[in-house]
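# What the coordinates show
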Amino acid sequence: MRLDRVEVIVNPRSGSVNEGSPDELKAELEARGITARIQVFDGHRFEAMLDDAFAAQPDLLIVLAGDGTVRAVASRAGPDGPLVAPLPGGTMNMLPKAVYGVTDWRKALALALDEGEARDIAGGVVDGEPFYCAAILGPAALWAPAREALREWKIVRSLAQARWALKKAFSGRVRYRLDRGELKRAEALVLISPLISTAMNKSNGLEAAVMTTRDAREAFRLAANAVFSDWRDDPGVKTQVVMRAHAWSRARIPALLDGETVRLSTDAEIRFLPVAFRALAPLAPTGEAAS
């Protein structure tokens, strides 16, 4: 694959990137005979930097940054833009891990350049915001920071966030409709892309997981599973494949889109995107499994 024009965007302030990362990445590229223009994000003029990178009409756009920046670049590229190499440079790194199956950006870069080819990545869009791994709508989205803090053994922080999330979980439910189904209510609506779904073997929609509870005991069990294990194994979670969904709430809906916490409107539409963008990556993740 010809890579005559390569653009690179690096955020040295993201979770697993440092001030020396741009030079390290440049050396990795030059070792493979690739000349690239590297732009380092300094906290200002992000949109202008993106405009400049895409105006160069690159064959490949490499991004080494956090989940929000990676998602913004993939969204701008779309199905007709340049190939994107989303390297893991943040904290959760949902999309990079799903694409490359590794958590180290050097290994991910090697996979992209040595074994990669153009790979269609399916995803979805909710309330105008894209996602490529999963969208969690409702109070359950507030459990993600507690879970990540626990993984890092920040116990006090995790418990504080868990108590706050549990309080919010009883403040209201999300009303939802899957495709043309009935209007129902749940603690959370989760839309999972074919990229990470273990229940789908082809890109024919989004896996919709609905979290429901009947009493406080089940709510506490679901909350514990959200922090300490895989909530998809919980008996209070039901799934099906959908092309569209709709969610409503009295207040703005808290959501987690590919690891980034956002607030949606009170009336959010979700659509499946068969080809959301194209990545330079192996056809299947290699090495460490995505989680």
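A quick note: this is a predicted structure, and the numbers were derived from the prediction, not measured.

### Here we look at the overall build of the chain
- For the chain, the count of helices and strands is eight helices and 16 strands.
- By the burial criterion, 53% of the 291 residues in the chain qualify as buried.
- Sequence-distant contacts, at least 24 apart, represent 70% of the contacts inside the chain between residues at least 6 apart.
- Accessible surface, the chain as shown: approximately 14000 Å² in total, 49% of it carbon and sulfur.

### Considering helix 5 (residues 105-115)
- Among the residues of helix 5, those classed as buried are Trp105, Ala108, Leu109, Leu111, Ala112 and Leu113.
- Contacts made by the buried residues of helix 5 are with helix 1 (21-30), strand 3 (60-65), strand 4 (83-88), helix 4 (94-100) and strand 16 (267-281).
- Where helix 5 begins, the side chain of Asp104 points an oxygen toward the backbone nitrogen of Arg106, at a separation of 2.9 Å.

### Let's talk about the packing of aromatic side chains
- Scanning the entire structure with this criterion turns up two aromatic pairs.
- Where Phe41 meets Phe46, the ring centres are 5.4 Å apart and the plane angle is 70°; that geometry is what we call edge-to-face. Note on accessibility: Phe41 and Phe46 belong to one class, buried.
- Ring geometry for Tyr132 and Phe277: centres 5.0 Å apart, planes at 80°, overall edge-to-face. Remark: Phe277 occurs in strand 16 and Tyr132 occurs in the loop between strand 6 (129-131) and strand 7 (134-137); sequence separation between them is 145 residues. The same class applies to Tyr132 and to Phe277, which are both buried.

### A word on the packing of helix 2 (residues 46-55) against helix 3 (residues 67-77)
- Remark: helix 2 packs on helix 3, axes separated minimally by 11 Å, with the N-to-C direction vectors making an angle of 45°. The pairing of helix 2 with helix 3 is recorded here as oblique in orientation. In terms of crossing hand, the pair formed by helix 2 and helix 3 is right-handed. Packed against helix 2, whose contacting residues are Phe46, Glu47, Leu50, Asp51 and Phe54, the element helix 3 presents Thr69, Ala72, Val73, Arg76 and Ala77 at the interface.
- Within the contact of helix 2 with helix 3, the residues separate by chemical class into six nonpolar, one polar and three charged.

### What about the pairing of strand 10 (residues 188-192)?
- In terms of burial, strand 10 is largely enclosed, as five of its five residues are buried.
- Where strand 7 and strand 10 come together, four bridges link them in antiparallel fashion. Bridging from a neighbouring strand, Ala134 pairs with Ile192 of strand 10.
- With five bridges joining them, strand 10 and strand 11 (residues 206-211) adopt antiparallel strand pairing. Each residue of the ladder has a partner; that of Ala188, found in strand 11, is Met211.

### Things to note about the confidence of the model for the chain
- Counting all residues, the mean pLDDT for the chain is 82, and 77% of those residues have values of 70 or more.
- Here residues 149-159 is modelled with pLDDT under 50, and outside its nearest four sequence neighbours on either side it reaches eleven contacts, counting other chains as well.
- Below a pLDDT of 50 lies the segment residues 286-291, which in the model reaches 14 contacts outside its immediate sequence neighbourhood of four places, other chains included.

### Structural notes on unusual backbone geometry
- Positive phi is not limited to glycine here, since Arg45 has a value of about 55°.
- Structurally, Arg45 is set in the loop between strand 2 (36-40) and helix 2.
- Accessibility expressed as a relative area gives 64% for Arg45, which makes it exposed.
- Here the phi dihedral of Gln57 falls at roughly 50°; this positive angle occurs in a residue that is not glycine.
- A relative accessible area of 58% means that Gln57 is categorised as exposed.

### Let's talk about the pattern of salt bridges
- As enumerated under the stated definition, the model contains eleven salt bridges in all.
- Between Asp4 and Arg2 there is a salt bridge; the shortest N-O distance is 2.9 Å.
- Residue classification places Asp4 among the partly exposed residues on the basis of a relative accessible area of 49%.
- Given the relative accessible area of 65%, Arg2 is considered exposed.
- Residues Arg32 and Asp114 are paired through a salt bridge, measuring 3.0 Å at the closest nitrogen-oxygen approach. A residue pair is termed long-range when its members are at least 10 positions apart, and Arg32 in the loop between helix 1 and strand 2 and Asp114 in helix 5 qualify at 82 residues.
- Look at the salt bridges and you will find they share partners, linking Glu7, Arg37 and Asp52 into a network.

What counts and how
- Residues numbered from 1 in each chain as written.
- Predicted model: local features only at pLDDT ≥ 70, side-chain atom pairs only at ≥ 80, totals over all residues.
- Heavy atoms only, no water.
- Helix = DSSP H or I, 4+ residues; strand = E, 2+ residues; numbered from the N terminus.
- Buried < 20%, exposed > 50% of the residue type's maximum accessible area, 1.4 Å probe, protein only.
- Contact = heavy atoms within 4.5 Å.
- Areas by Shrake-Rupley, 256 points an atom, 1.4 Å probe, with all protein chains shown as cover.
- Polar contact = N/O pair within 3.5 Å; in protein donor to acceptor, adjacent residues only side chain to side chain.
- Phe/Tyr/Trp six-rings, centres within 6.5 Å; stacked < 30°, edge-to-face > 60°.
- Axes fitted to C-alpha atoms, helices over the stretch in contact; angles between N-to-C directions.
- Parallel < 35°, antiparallel > 145°, perpendicular 65-115°, else oblique.
- Left-handed = near helix turned anticlockwise from the far one by under 90°.
- Nonpolar A, V, L, I, M, F, W, Y, C, P; charged D, E, K, R; others polar.
- Pairing = 2+ DSSP bridges.
- pLDDT = per-residue confidence, 0-100.
- Salt bridge = Lys/Arg side-chain N within 4 Å of Asp/Glu carboxyl O.

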